[in-house]
Structures are given as structure tokens and as C-alpha cells.
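Each chain, letter by letter, is given below.
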Amino acid sequence: MAANEPGQPPLRVTGADFTSELVTPASALAIGAHPDDVEFGCGGLLAKWAAAGCVVHHLVCTDGAKGTWDVEADTVALARRRQEEQREAASRLAGPNAGEVRFLGHVDGELSSSLEVRSQVAQVIRELRPDVVLGHDPWKRYRLHPDHRHAGLLACDSIVAARDPHFDRDHGIPHHRPAALLLFEADEPDHVEDVTGFVETKLHALEAHVSQFESTMHATDDHGLETFRNRIRDRLADLGVPFDLDAAELFKLIDDL
Ligand SMILES: [Zn+2]
């Protein structure tokens, strides 16, 4: 779940002091705690960039094995299934510009922003060399799920480690400094992206996460799925109103990396 997702409190945005529309990067890396977080948080923007030629990579930090309400679930099978769903979602979002989909495989619910995991994320950044990194805002107030906090911290901390040549020298590959970091679910958003025309692509990608229909999308039948779609459509439309856009996703932009 993420904050471009409906159900979040209304954002107090006025349209003033926002930057907008980054130049389409050659490549982007979206870092999520669980399969589906990235589609919720920035699926519209990733679809837009991919349509304009950007290669879109994904990094999922946990195995997503707790993403079910079924107490009898085979969680090993669920983790495997969620990897397949994430690959399908990445393909639906970016089409021919879908890049790599990496999984760190940490236990769902037990993600840590430790030095060890930071190094793993930094290595992925150095290997994939994205122009833009996207991740959860770790400073979103009153967020309960620890994985989202830790995944956000990992995105931020790993950029520092990846860009500085003396961090994690054991990687044995050149350092890499992305040009920008965009935080989704932003506590204090200051950047808007027009996603008009890409909402349905975002929904199509979200709907690749079939295992999450019940627990996350609250969609156990066609009617429930359409209700979910309309919540997302309404949410992105609402976010666009202050900016005179039909649909928008909002971010905290950090471009002094
Ligand atoms: Zn999540």
C-alpha cells in the first residue's frame, strides 16, 4: 500500500512551490518493500516514462510472504507467486522498456535498514546505474508498517553508499551517483507528475498482483475490483486538481545527490 493509493488522508497541497515534470530519464530504479508497493506509489509515472523510452527497473526488498489473510496459506508458495506477479506487473507497466526485476528476498515484516542490507541495495544501484531512484518516504509520519519505513531508509542511505567510492569497496564495481531521488507516499510532497493517460496502465499493472486482490485491493469479485479501480482513478484525479491536471502522482524530490 502506498500513498498515491486511496484511503490516505487528504493532502494539504496548494499547487504553489511544487516542481513538476522531470525530464524523462534514460533509466529508473523503483525500490519497494513488497511486490505491488511500487505500482501503488509511482506506477503512473513509471508507465509514462517507459512510454517515452525510459528503462524501468524494480527492486523488491522482501519476499511478500505475509501478504495474505489466509491463516493456512503456504507462504513459500505465496512468495514464489508474488515474484511472478511482480515480473508481470513490471512488464505491464513498461512494455518493451521493462528492465530488470530484482528481489532481495528478506523476510516480509522483518526488513532492516542495516549496513548489510544497505550494501545490497547500493550494489544494485551500482550495477543498474539508474538516473532516477524512486522509493518510499521513510519520514512519512505515523506510518505503521516497518518494512515501508526501512525500505525508504534503504533507498536514501544506499544512494549515499552507491555514489561514494569508498563505501562498500568489496562490490568491486564503479560507484554511481543517480541524478534524482523521488519519494512516493511523501509526507511533504513538493513535486508533481502528470499521469493523465497512464492511470489505466497503472491499474493494469496493479491487477497483475492477483494474490493481493482480497487483502490489499479488497476486491473479491468483479464489483469489488471495479470499486478498487474507481478508488485509484478518483485518488489520482483528486491529486491533480490543485495543478489543473486530470491525474497526478505526487512526490518529494531530492535532486541534490
Ligand atoms: Zn508494502
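Which parts of the structure should I look at to understand helix H3 (residues 115-128)?
Note on helix geometry: an α-helix contains 3.6 residues per turn, so any two residues three or four positions apart are oriented the same way. Across its 14 residues, H3 extends 20 Å between first and last C-alpha, which sits within 8% of the 20 Å expected from 1.5 Å per residue. For H3, every residue scored as buried is listed here: Val117, Arg118, Ser119, Val121, Ala122, Val124, Ile125, Arg126 and Leu128. Phi turns positive one or two residues past the end of H3, at Arg129, with a value near 50°.

Would you take a moment to explain helix H1 (residues 37-51) for this structure?
Taking 1.5 Å as the rise per residue, H1 with 15 residues should run 21 Å; its terminal C-alpha atoms sit 20 Å apart, in good agreement. Within H1, 14 of the 15 residues are buried, leaving the element largely enclosed by the surrounding structure. Positive backbone phi, at 110°, marks Gly53, one or two positions downstream of H1.

Just checking my understanding: could you explain the pattern of salt bridges for this structure?
Note that side chains of opposite charge can pair when their charged atoms are close. In this structure the tally under the stated criterion is 17 salt bridges. A salt bridge links Arg163 to Asp164; its shortest N-O distance comes to 3.0 Å. Measuring nitrogen to oxygen at the nearest pair gives 3.1 Å for the salt bridge that ties Lys252 to Asp190. Residue Lys252 is found in strand S8 (residues 248-254), and its partner Asp190 is found in the loop between strand S6 (180-184) and strand S7 (191-194); the two are separated by 62 residues along the sequence.

Help me understand the coordination of the zinc ion in this model?
In an ideal tetrahedron of four donors about a metal, each angle is 109.5 degrees. In an ideal octahedron of six donors, the angles are 90 or 180 degrees. Here the zinc ion is held by the protein donor atoms His34 (ND1), Asp37 (OD), Asp37 (OD) and His148 (NE2), which lie 2.1 to 2.4 Å from it. The coordination sphere of the zinc ion comprises 4 donor atoms, whose angles at the metal cover 57 to 134°; the geometry is irregular. Look at where the donors of the zinc ion fall in the sequence and you get H-x2-D-x110-H. Separated by 111 residues along the polypeptide, Asp37 in helix H1 and His148 in helix H4 (residues 146-163) bring together distant segments of the chain. Take His148: its relative accessible area is 7%, and that puts it in the buried class.

Looking at this model, I keep getting lost on the pairing of S7. Mind explaining?
The side chains of a regular strand alternate between both faces of the sheet. The pairing of strand S1 (residues 19-20) with S7 spans 2 bridges and is parallel. Pairing of Ser20 across the sheet is with Val192, part of S7. Taken together, the 4 bridges between S7 and S8 define a ladder with antiparallel strand orientation. Following the sheet pairing, Asp194 is matched in S8 by Ala248.

I tried to follow unusual backbone geometry on my own but got confused; where do I start?
The phi dihedral of Tyr142 falls on the positive side, at around 65°, and the residue is not glycine. Among the structural elements, Tyr142 can be located in the loop between strand S5 (132-136) and H4. Even without being a glycine, Asp168 presents a positive backbone phi close to 50°. Relative to the assigned elements, Asp168 resides in the loop between H4 and S6.

Procedures and definitions
Per chain, the residues get numbers from 1 upward, laid out in the order the sequence is written. Predicted model: local features are reported for residues with pLDDT of at least 70 only, side-chain atom pairs are reported and counted for 80 or more only, and whole-chain, interface and lining totals are derived from all residues. Note: side-chain values were computed over all heavy atoms of the structure, leaving out hydrogens and water. In this description a helix means any DSSP run of H or I spanning at least four residues, a strand means any run of E spanning at least two, and both kinds are numbered starting from the N terminus. Expected helix span is taken as 1.5 Å per residue step, with the number of steps being one fewer than the number of residues. Note on classification: 1.4 Å probe, protein chains only; a residue is buried when its accessible area is under 20% of the maximum for its type, exposed when over 50%, partly exposed between these limits. Counted as salt bridges are all cases of a side-chain nitrogen of Lys or Arg within 4 Å of a carboxyl oxygen of Asp or Glu. The donor definition counts N, O and S atoms within 2.8 Å of each metal and applies 3.2 Å to Na, K and Ca; water is not among these atoms, so some sites may look incomplete. Geometry is assigned from the angles between donors: four donors with all angles from 85 to 135 degrees make a tetrahedral site, four or six donors whose opposite pairs exceed 155 degrees while the rest stay between 65 and 115 make square planar or octahedral sites respectively, and everything else is labelled irregular. At least two bridges found by DSSP between two strands is the condition for calling them paired.

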